[in-house]
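Here are the chains, one letter per residue:
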Amino acid sequence: MAEIEKSRNLFSSYKLIKHLERLDDFEKDKIVYPIFVNINVSNKCNNNCPLCTTKNKDGELVPTQRLKDVLDELGALGVSSVGYGGGGDPTCHPDLEEILIHSNKNKMELAMTTNGYEMTPGVINAIIGFGTWIRVSLDADSPKIYRKTHGMDKNAFYDVVGNITRLVETKQRQNSKVVIGTTYLIGPQTIKGAYNAAKLCKEIGVDNIRFRPFFDFGKTKYKKEQAEFIVSELERCKELQSEDFLVSYPNYRCDSMVEKKPREYSKCYIHHLNPIITPDLKVYPCCFLIDKEEYVLGDLAKKSFKDIWSSDERKQAYERIDFKDCPNPCMLDEHIKLMWAVKNNVIPNGMNLIDMLRSVNGPINHSNFF
């Protein structure tokens, strides 16, 4: 039961309540170092997803020793957690095991998202031994749908299922508390496989499956009946939920499949607490703004993270964010809304928002990951 509760916390919209001291400093315009830093260690990928937004990358890999130095600095600055993803896929970095072990030495919580296609025993042992969670992008219940989502053959699908099984077996063998999850991208072409994918994941023994609509910046047009069918199937998937297996999906993103709602904030502050580092060692506000030079917060090949965070360059970069390059809704919407409310003290009756949040801080124990 404890593991399923931990799994639920990963998807909570109120994780920031755990970090009121940072929110308090943020409200007072003090320099606030991140809680969670995303790190794309590789632009290489071993899959060929048709809807991938990062195709034709140059296959760049983050320099291992420089990244280890950056991890040391992040740990010293009080960063609580790091997450490895892509870009490409983190498993394409030949030194990933070494990087994961070094992250653990800095006492930071550790997470990884991967397509799960190629996972060495060393990487599996490291993420199970040191990680807080790992999430595998399964996105299919069968080779047929896997080809649609990942552009790979049936052997690749079964390889991924085998690797997920090995993760679960290693967790059981090590008596680890890491949360093993899967994700499933939903749309008109994939929704029919959702239930069987959830059933498969439950049978394997993973802790959760998270369903998410494709982020394609509004290119996929849903009819009302399509959206209703998708939600009905997702609710059917929830029938598989148990004390040991969580089934979830972001309601706000599903609600917006047909009709986009206006943003409830006019400025994004999320990078203060959750930036991303790319393989070329540049720092960006989030994954949706990478490779756009106007949003580069700084370059770790030239400056320390601390110097970047206190620079005018960072401030000028995030002031340029005008949402033209952002999805709506954003997967971090709830966190951004809370930061907007804190910065603008959006609360009735003149009550201070930080004080209000502090009053409910006691029983809440959420993950450091966004």
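Residues numbered from 1 in each chain as written. Predicted model: local features only at pLDDT ≥ 70, side-chain atom pairs only at ≥ 80, totals over all residues. Heavy atoms only, no water.

Trainee: Break down the overall build of the protein chain for me, with residues and values.
Mentor: A tally of regular secondary structure across the protein chain gives 14 helices and 10 strands. Burial status across the protein chain gives 55% buried among its 370 residues. Intrachain contacts of the protein chain at a sequence separation of at least 6 include 73% that bridge at least 24 residues. Taken as a whole, the protein chain presents about 16,600 Å² of accessible surface, with 47% of it coming from carbon and sulfur. (Helix = DSSP H or I, 4+ residues; strand = E, 2+ residues; numbered from the N terminus. Buried < 20%, exposed > 50% of the residue type's maximum accessible area, 1.4 Å probe, protein only. Contact = heavy atoms within 4.5 Å. Areas by Shrake-Rupley, 256 points an atom, 1.4 Å probe, with all protein chains shown as cover.)

Trainee: Provide a residue-level description of the confidence of the model for the protein chain, including the pertinent values.
Mentor: With 86% of its residues at a pLDDT of at least 70, the protein chain reaches an overall mean of 87. Ignoring residues within four places in sequence, the model shows residues 1–9, a span with pLDDT below 50, making 26 contacts including any to other chains. (pLDDT = per-residue confidence, 0-100.)

Trainee: Go over helix α12 (residues 312–319) with me, naming the residues and quoting the values.
Mentor: Among all positions of α12, only Arg 314, Ala 317 and Tyr 318 are buried. Along α12, the residues classed as buried sweep out an arc of 90° about the axis, all on the same side. (Arc of directions from axis to C-beta.)

Trainee: Give a description of the nonpolar core that names residues and reports values.
Mentor: If you look at the biggest cluster of nonpolar residues, it comprises 103 residues, and the most contacted ones within it are Ile 39, Val 82, Tyr 84, Leu 167, Ile 209 and Phe 211. Broken down by element, this core gets its largest block of residues, 7 residues, from helix α7 (residues 154–174). (Core = buried A, V, L, I, M, F, W, Y, C linked by side-chain atoms within 4.5 Å.)

Trainee: Describe in detail the pairing of strand β4 (residues 133–137), supporting the description with residues and values.
Mentor: Of all 5 residues making up β4, 4 are buried, and the element is well covered by its neighbours. Inspection of the sheet shows strand β3 (residues 109–114) paired to β4 by 4 bridges, in the parallel sense. Counterpart to Thr 114 in the pairing with β4 is Val 136. Handedness of the crossover is the feature at issue here: the chain leaves β3, passes through helix α5 (residues 121–130), returns alongside β4, and the resulting connection is right-handed. (Pairing = 2+ DSSP bridges. Right-handed = clockwise from strand over helix to strand, strands pointing away.)

Trainee: Outline the packing of aromatic side chains, supporting the account with residue identities and numerical values.
Mentor: Within the structure shown, the criterion is met by 7 aromatic pairs. Between Tyr 265 and Phe 323, the ring centres sit 5.7 Å apart and the planes meet at 70°, which makes this aromatic pair edge-to-face. Linking Tyr 265 in the loop between α10 (251–255) and β8 (276–277) with Phe 323 in the loop between α12 and α13 (333–344), this pair joins segments that are 58 residues apart in sequence. Across this residue pair, the class does not change: Tyr 265 and Phe 323 are buried. (Phe/Tyr/Trp six-rings, centres within 6.5 Å; stacked < 30°, edge-to-face > 60°.)

Trainee: Describe the pairing of strand β2 (residues 81–86), with residues and values.
Mentor: Most of β2 is tucked away: 5 of the 6 residues are buried. With 6 bridges joining them, strand β1 (residues 36–42) and β2 adopt parallel strand pairing. When the sheet's bridge partners are listed, Asn 40 is paired in β2 with Gly 85. Bridge count for β2 against β3 is 4 bridges, and the pairing is parallel. Across the sheet, residue Ser 81 finds its bridge partner in β3, namely Glu 109.

Trainee: Tell me about the pattern of salt bridges, residues and numbers included.
Mentor: Within this structure, the stated rule accounts for 14 salt bridges. Ionic pairing is found between Asp 29 and Lys 343, a salt bridge with its closest N-O pair at 2.6 Å. Remark: Lys 343 occurs in helix α13 and Asp 29 occurs in the loop between α2 (20–27) and β1; sequence separation between them is 314 residues. Owing to a relative accessible area of 64%, Asp 29 belongs among the exposed residues under this scheme. Its relative accessible area of 22% is what places Lys 343 among the partly exposed residues. Of the charged contacts in the structure, one is a salt bridge between Lys 324 and Asp 322, with a shortest N-O distance of 3.9 Å. Exposure remark for Asp 322: the relative accessible area of 44% places this residue in the partly exposed category. Three or more residues joined by partner-sharing salt bridges are found here, namely Glu 264, Glu 334 and Lys 337. (Salt bridge = Lys/Arg side-chain N within 4 Å of Asp/Glu carboxyl O.)

Trainee: How would you sum up the sheet that holds β1? Please name residues and give values.
Mentor: One open sheet holds the 10 strands; their spatial order is β7-β6-β5-β4-β3-β2-β1-β8-β9-β10, and the pairing between them is mixed. What marks the edges here is a single partner per strand, and that holds for β7 (246–248) and β10 (298–299). Pairing analysis gives 3 bridges linking strand β6 (residues 208–213) to β7, with the strands arranged parallel. What sits directly across from Ile 209, in β7, is Val 247. The strands that helix α4 (residues 96–105) touches are β1, β2 and β3; relative to β2, the one it contacts most, it runs at about 165°. (Axes fitted to C-alpha atoms, helices over the stretch in contact; angles between N-to-C directions.)

Trainee: Give a description of unusual backbone geometry that names residues and reports values.
Mentor: Geometrically, the link from Asn 328 to Pro 329 is a cis peptide bond, its omega value of 5° lying close to zero. Its location among the elements puts Pro 329 in the loop between α12 and α13. Residues other than glycine seldom take positive phi values, yet Lys 107 does so here, at roughly 60°. At Asn 175, a position not held by glycine, the phi torsion is positive, near 55°. Mapped onto the elements of the fold, Asn 175 is located in the loop between α7 and β5 (179–186).

Trainee: Before we move on, could you go through the side chain of Thr 91 and cite the residues and values that matter?
Mentor: Counting through the fold element by element, Thr 91 comes out in the loop between β2 and α4. For Thr 91, the side chain forms a polar contact with the side chain of Asp 89, separated by 2.5 Å. Here the side chain of Thr 91 touches Glu 118 through a polar contact of 3.3 Å, landing on its backbone oxygen. If we skip the residues at most four places from it in the chain, Thr 91 touches Asn 46, Leu 96, Thr 114, Glu 118 and Met 119. (Polar contact = N/O pair within 3.5 Å; in protein donor to acceptor, adjacent residues only side chain to side chain.)

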